[in-house]
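Chain by chain, the residues:
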Amino acid sequence: MEVILVRHADKDVRRGDYNLSPLGFQRSIALASLIPACFGKPTRITTFYLDPVSSKNARSYQSAVPLAVATGINIRIDEASLTDSFAQGQRLRQALLAGAERVVLFWEHRRMPELARGLGWESMPEIANDDFDQLILFRFAAPGAAPEVKRYSQRELFQIGRAHV
């Protein structure tokens, strides 16, 4: 049982919109090949809440689209993540313990530590506003056990191609 936690891809703060930057779009396309090559095909792809009126938080969804297209897995938008990412992490952890899944989560960076606590990692540091490089793998060996957590640099994984993780 695995969870791959990824912050949405790059944004351009000068534009002031909710869309990926061109660099972010390129990163999301690269992740669509990288994630299955390094970790295997996901069984589920979930994104942070996307406001259907304002498009706020669209970057999480936009980051997931190339992976969904590449793998044929539909994207789930976690509507409750906006108000309680911690509880969503707890629910996901319980669901994962019931079966073998590989879930990829594209999340809003300020809510990632809260989600990680719900998944069982109490000490995830905050993500800097300009850090789009991290990929965090949670492996769950047994029900009730703390997850094994590994942090990766996407840039390094892109450079080495198929990683041995």
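The coordinates are above.
Bear in mind that the values here come from a model prediction, so they are computed numbers and not experimental data. (Residues numbered from 1 in each chain as written. Predicted model: local features only at pLDDT ≥ 70, side-chain atom pairs only at ≥ 80, totals over all residues. Heavy atoms only, no water.)

1. Regarding the overall build of the protein chain
When helices and strands are tallied, the protein chain shows five helices and six strands. Each of the three principal axes of the protein chain carries a C-alpha extent, and together these read 45 × 35 × 30 Å. A buried classification covers 49% of the 165 residues belonging to the protein chain. Counted over contacts in the protein chain with a minimum sequence separation of 6, partners at least 24 positions apart contribute 72%. Carbon together with sulfur atoms contributes 50% to the accessible area of the protein chain, which is approximately 8,100 Å² in total. (Helix = DSSP H or I, 4+ residues; strand = E, 2+ residues; numbered from the N terminus. Buried < 20%, exposed > 50% of the residue type's maximum accessible area, 1.4 Å probe, protein only. Contact = heavy atoms within 4.5 Å. Areas by Shrake-Rupley, 256 points an atom, 1.4 Å probe, with all protein chains shown as cover.)

2. Description of the environment of R151
For R151, the position within the fold is in strand 6 (residues 148–153). Residues R151 and V3, spaced 148 residues apart in sequence, show a C-alpha to C-alpha distance of 12 Å.

3. Let's talk about the packing of helix 1 (residues 22–39) against helix 2 (residues 58–71)
Viewed as axis vectors pointing N to C, helix 1 and helix 2 meet at an angle of 50 degrees, and their least axial separation amounts to 8 Å. Classed by the angle they form, the pair helix 1 and helix 2 counts as oblique. The hand of the helix 1/helix 2 crossing is right-handed. Judged by residue contacts, S28, I29, L31, A32, I35 and P36 of helix 1 engage Q62, S63, P66, L67, A70 and T71 from helix 2. A per-class count over the contact of helix 1 with helix 2 returns eight nonpolar, four polar and no charged. (Axes fitted to C-alpha atoms, helices over the stretch in contact; angles between N-to-C directions. Parallel < 35°, antiparallel > 145°, perpendicular 65-115°, else oblique. Left-handed = near helix turned anticlockwise from the far one by under 90°. Nonpolar A, V, L, I, M, F, W, Y, C, P; charged D, E, K, R; others polar.)

4. Details of the side chain of Q154
Relative to the elements of secondary structure, Q154 occurs in helix 5 (residues 154–160). Classification of Q154 as buried rests on a relative accessible area of 0%. Residues contacting Q154, with those up to four places away along its chain left out, are V6, R27, L31, F132, D133, Q134 and L135.

5. Some words on the sheet that holds strand 5 (residues 134–139)
Either a parallel or an antiparallel arrangement is found when strands of a sheet pair, and the pairing is made through backbone hydrogen bonds. Pairing within the open sheet is mixed, and its six strands lie in the order 3-2-4-1-5-6. Whereas interior strands pair on both sides, the edge strands pair on one side only; in this sheet they are strand 3 (75–77) and strand 6. Averaged over all adjacent pairs, the angle separating strand axes in this sheet is 20 degrees, with direction ignored. The sheet contact formed by strand 2 (residues 44–47) and strand 3 spans three bridges and is parallel. (Pairing = 2+ DSSP bridges.)

6. What to know about helix 2
Given a rise of 1.5 Å per residue, 14 residues ought to cover 20 Å, and the 20 Å separating the end C-alpha atoms of helix 2 matches this to within 8%. Along its length, helix 2 reaches its greatest deviation from straightness, about 30 degrees, at V65, and the proline P66 lies no more than four positions downstream. Residues of helix 2 that are buried: A58, R59, S60, S63, A64, P66, L67, A68 and T71. The elements touched by buried residues of helix 2 are helix 1, strand 2, strand 3 and strand 4 (102–107). (Expected span 1.5 Å × (residues − 1). Bend = angle between axes of the 7 residues up to and from the residue.)

7. A look at the packing of aromatic side chains
By the definition in use, this model includes three aromatic pairs. Relative to F138, the ring of W121 has its centre 6.1 Å away and its plane inclined at 70 degrees; by these criteria the two rings are edge-to-face. Taken together, the residues W121 in the loop between helix 4 (112–119) and strand 5 and F138 in strand 5 connect sequence positions 17 residues apart. Comparing W121 with F138 shows no difference in burial state: the two are buried. (Phe/Tyr/Trp six-rings, centres within 6.5 Å; stacked < 30°, edge-to-face > 60°.)

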